[in-house]
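Working through the structure, step by step
Chain by chain, the residues run as shown.
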There are 2 protein chains.
Amino acid sequence: MSLIVQKFGGSSVADAEGIKRVARRVADTRRAGNDVVVVVSAMGDTTDDLLDLAAEVTPNSGASRELDMLLTAGERISMAVLAMAVNAEEGVTAKSFTGSQAGMITDGIHGSARLVEVNPGRIRRALEEGDVAIVAGFQGMNRQTGDITTLGRGGSDTTAVALAAALDADVCEIYSDVDGVFTADPRVVPSAHKLDTITSEEMLEMAANGSKILHLRSVEYARRFNLKLHVRSSFSQLEGTVVIPENTEDFKPNNLKEIPLEQPLISGVAHDRSQAKVTVVGVPDVPGSAAQVFGLLNEANINLDMIVQNISTDRPNVTDISFTLPQDQGDKAVATLSLAKEKLGFEEIKYTEEIGKLSLVGAGMKANPGVSFKFFEALSNAGVNIQMISTSEIRISVITELEKLDEAVRAVHTAFELDTEGEATVYGGTGR
Amino acid sequence: MSLIVQKFGGSSVADAEGIKRVARRVADTRRAGNDVVVVVSAMGDTTDDLLDLAAEVTPNSGASRELDMLLTAGERISMAVLAMAVNAEEGVTAKSFTGSQAGMITDGIHGSARLVEVNPGRIRRALEEGDVAIVAGFQGMNRQTGDITTLGRGGSDTTAVALAAALDADVCEIYSDVDGVFTADPRVVPSAHKLDTITSEEMLEMAANGSKILHLRSVEYARRFNLKLHVRSSFSQLEGTVVIPENTEDFKPNNLKEIPLEQPLISGVAHDRSQAKVTVVGVPDVPGSAAQVFGLLNEANINLDMIVQNISTDRPNVTDISFTLPQDQGDKAVATLSLAKEKLGFEEIKYTEEIGKLSLVGAGMKANPGVSFKFFEALSNAGVNIQMISTSEIRISVITELEKLDEAVRAVHTAFELDTEGEATVYGGTGR
């Protein structure tokens, strides 16, 4: 008998049919003799509807105690109806628990609270009594004040992974409307194929570089607690992708074929359209000028990604500094730098969102120096111009023109022989 | 400075406009220097929508732990957006609290829990800090299990009255879409007028006999705790109706003219279309046969209202027993009696929902024997046939044909000189 944590996203419980389908799967897992804890997101568009309501009432709510209270109603609804369906339609006893009832203790930062403790005493008791425990994702409680908090983006994944770690679960299954982790986004590369396994290190790089299947935070959490994740679809019975924690020599996937001894060279190609590029033109080429630029951006809490500094050959004594950052921080970055124009002594700022980031990820590239040659050759053959480059031990990333991005992804995917025949199945529209 | 509890029903917060209107009123009350606690129902049709969702997922949820969890999401939404509006639009600090956070402790009967304790420590602290406290109506927590419960029909009124009593509030204002308590339902009697005051004893009789403006339970609660209720509209600034607790000799209504020393003879005419009549025909006229009939109905938890036993002159040794009860208990009553037909020895059961109940209520009738004469004379002049009669110290009720009910209400209203010129204003469609 295993203890299995199953997390279902909003697209899996978008309507009554979805709720019933999920109830069936939960009940089947329980009937197979497992202990089951379910973490559920708000139904379909509920969270957006609640945000719209808040915006109608006031444009000035911001991230606040009250907005958190409002948004948590969404999971309260989905968990209660799911529990009803499991009880009444499937005849398997189930109880729902809010984040606070499930012992998800957080700090007090409304809108993006961090977990400080997980005390799932009531969940353990429910399991001991033979019940399926259904837990509201995304939410917790600040113990100091008793106020309800939300965990921010990817919050339900975090709830699931944190609960699985606290309960020492055998596996945490993350259900969405896609079959697993693919070698590339199937909407861009129709010949992309699903990976049976991926290491958590690789998954971290994929998530950090544009893959939306799992949130970075939950992958980090799972890796830290040596927890096995299984990414799969609630719309099919197919096995998905198992994210294997490192340092797990005796790792035995549950109900899955053994992990191959040798990891494939490359896991996949991730892409990201959410970045923008800022170029600070004509910065005086003296020691400390780059430090000043990045010091200011750091004070403004702006997250930089890639950075390049070019010495301009035709203009001595000045340099250009380029960096990328999330588009939604673009305005703030430009404003911060513009206010310090005199102090920094640069000529002008250029800002563009017409860029894309492409990342090749694979644990195997550590030991294979030929990877970067093949990578740049593929981009060159496809006529893709490279604006910036960054690398880690298991990743190479480049910034390209936005309109060349899809073509670049397909070219790299093909060059590393990741293509399969036939098309990948994508359920629903969002691919979340 | 007063402590004022304000309760807003679903029709007052049906949409973003309603929320903003209520926020303005709450903030104005606070700005006038009062401590303010707000109890809010779910927005408009939210509760019905949630019930529909539950029914879509399973027809077998019943009253349950999970249904209670589901329904409480409605108040969670309305209280959070109201708190946002008061904070951000009105600039008055406000905090929202769930039933559990507000210390509404109940027994464990899901769907119709009873309050066992009210511990509003967090509400007191919020008031001390100068905040408006906004509390979710209708909900509480079973302390033994930590499970969320709901208080059943009229639950938000009960929350408001119970909180007001626990906080020793100066007044509990119950807001809806009508201006107060009327001498009759203005949809039936356009010349009905609003009462400035009514005693809680009279209000109890009105509520128990079909007036829907206040729920019986909250009137009982307010009377028990000697709490002043003020029934008024959230759509106007008019003073409403003050429900005066008895035994309050030094009663001074807040911001209202003094109570007249002499109560008017009659407060109003209530009517009720939700009753049915059962007649058990040909019961053996022996001692104990009526007791047997009512004993069986009592065991089946059926609430009887009026009872009449007629000796049939043309059939010696048998009698007919008639009683009224809520229509939704009709099937159960008929089934219960039919199963015992042989044991009870009656001939047949007649069942009809084509009846109406009319009640004349007034504390002044205690000392005025002329009231019943005038009452029956008015009904007789209007050609209304009376099927059953019951009375209390301050009430006379009759059962009439359903199709004659409205006419009967108008006739009695006129006979007791309750008519005014002009028509009463009714906001919204429901008159709740």
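Note that the coordinates shown come from a computational prediction; the quantities given were computed from them, not determined experimentally. (Residues numbered from 1 in each chain as written. Chains lettered and ligands numbered in written order. Predicted model: local features only at pLDDT ≥ 70, side-chain atom pairs only at ≥ 80, totals over all residues. Heavy atoms only, no water.)

Here's the deal with the relation of the copies chain A and chain B
Overlaying chain A on chain B yields an RMSD of 0.1 Å, the required transformation being a rotation through 180° with an accompanying axial translation of 0.1 Å. The transformation just described matches what one would write down for a two-fold rotation axis. Among all residues of chain A, the minimum C-alpha distance to the rotation axis is found for A73(A), at 2.6 Å. Most of the interface of chain A is mirrored in chain B, where 100% of its interface residues again form contacts. (Least-squares fit on C-alpha atoms with pLDDT ≥ 70 in both. Contact = heavy atoms within 4.5 Å.)

As for the pairing of strand β12 (residues 241-244) of chain A
All names here are of chain A. Here β12 shows no split at all, with T241 and V243 on one side and V242 and I244 on the other all buried. Across three bridges, the pairing between strand β10 (residues 197-199) and β12 is parallel. Across the sheet, the residue bridging to T197 is V242, located in β12. With three bridges connecting them, strand β11 (residues 229-233) and β12 associate as antiparallel partners. By the bridge assignment for β12, H230 is matched with V242. (Buried < 20%, exposed > 50% of the residue type's maximum accessible area, 1.4 Å probe, protein only. Helix = DSSP H or I, 4+ residues; strand = E, 2+ residues; numbered from the N terminus. Pairing = 2+ DSSP bridges.)

Quick notes on the interface of chain A and chain B
The figure often quoted for interface size is the accessible area lost as the parts come together. Contact residues are listed per partner, giving 42 residues for chain A and 42 residues for chain B. Overall, the association of chain A and chain B removes approximately 3,300 Å² of surface from exposure, summing both partners, and the carbon and sulfur fraction of that is 63%. Among the residues of chain A in contact with chain B, V57(A), R76(A) and M84(A) are the three that bury the most area, contributing 22% of the side total. One salt bridge connects R122(A) with D147(B), and the closest N-O pair in it is separated by 3.0 Å. In this assembly, chain A and chain B are joined by 18 residue pairs in polar contact (both at pLDDT 80 or more). Of all the secondary structure elements, the ones that give two or more residues to the side of chain A that touches chain B are α1 (16-31), α2 (46-57), α3 (65-89), β3 (94-97) and β8 (147-150) of chain A. It is α3(A) that provides the largest number of residues to the side of chain A that touches chain B, a total of 18 residues. (Buried area = accessible area lost by both parts, 1.4 Å probe. Salt bridge = Lys/Arg side-chain N within 4 Å of Asp/Glu carboxyl O. Polar contact = N/O pair within 3.5 Å; in protein donor to acceptor, adjacent residues only side chain to side chain.)

Structural notes on the UniProt feature "binding site: ATP" (unreviewed entry) in chain A
Residues and elements named next belong to chain A. In this structure's numbering, the residues bearing the UniProt feature "binding site: ATP" (unreviewed entry) are K7, F8, G9, G10 and R187. These annotated residues cover 181 residues of sequence, and their C-alpha atoms reach 23.9 Å apart at the extreme, placing them across more than a single site. Tracing the sequence through the fold places F8 in strand β1 (residues 3-8). Excluding residues that lie within four positions of it along the chain, F8 makes contacts with V22, R25, V26, V38, V39, V40, S41, Y175 and S234. Here R187 lies in the loop between β9 (171-176) and β10. One polar contact links R187 to D185, side chain to side chain, over a distance of 2.7 Å. (UniProt positions renumbered as here; feature names shortened; annotations may be inferred.)

Side note on the pairing of strand β7 (residues 139-142) of chain A
Residues and elements named next belong to chain A. Covered by surrounding structure in β7 are Q139 and M141 together with G140 and N142, the residues of both alternating faces. Here strand β4 (residues 104-106) pairs with β7 via two bridges, running parallel. Each residue of the ladder has a partner; that of I105, found in β7, is M141. Of the strand pairs in this sheet, β7 and β8 are connected by four bridges, and their pairing is antiparallel. Looking at the pairing, M141 lines up with I148 of β8. Hairpin connection between β7 and β8: a loop of four residues separates the two successive antiparallel strands, and G146 in this loop has a positive phi of roughly 75°.

Details of the confidence of the model for chain A
All names here are of chain A. Predicted confidence across chain A gives a mean pLDDT of 89, with 92% of residues reaching 70 or more. Counted against residues more than four places away or in other chains, residues 249-262, with its pLDDT under 50, gives 18 contacts. Residue range residues 425-432 is modelled with pLDDT below 50. Its contacts to residues more than four positions away, or to other chains, number 20 contacts. Reported confidence for the predicted complex is 0.79 by ipTM and 0.83 by pTM. (pLDDT = per-residue confidence, 0-100.)

What about the sheet that holds strand β9 (residues 171-176) of chain B?
Residues and elements named next belong to chain B. Strands sit in the order β3-β6-β2-β1-β9-β11-β12-β10 across an open sheet of eight strands; the sheet is mixed. Both edges of this open sheet fall to β3 (94-97) and β10 (197-199), since each of them pairs with a single strand only. Across the sheet, the mean angle separating the axes of adjacent strands is 20° when strand polarity is ignored. Sitting on the sheet, helix α6 (residues 200-208) touches β10 and β12 (241-244), and the angle it makes with β10 is about 85°. (Axes fitted to C-alpha atoms, helices over the stretch in contact; angles between N-to-C directions.)

Description of helix α1 (residues 16-31) of chain B
Along an α-helix, residues three or four apart share an orientation, since each turn contains 3.6 residues. The end-to-end C-alpha separation of α1(B) is 22 Å, in line with the 22 Å expected for 16 residues at 1.5 Å each. The positive-phi residue at the C-terminal boundary of α1(B) is G33(B), with phi of around 100°. (Expected span 1.5 Å × (residues − 1).)

Describing the side chain of Q275(A)
Residues and elements named next belong to chain A. Among the structural elements, Q275 can be located in strand β14 (residues 275-284). With a relative accessible area of 8%, Q275 lands in the buried category. Among the polar contacts listed, one links the side chain of Q275 to the side chain of D272, at a separation of 3.5 Å. Once residues lying within four places of it in the same chain are set aside, the contact partners of Q275 are D305, T324, L325, P326, Q327, E353 and I355.

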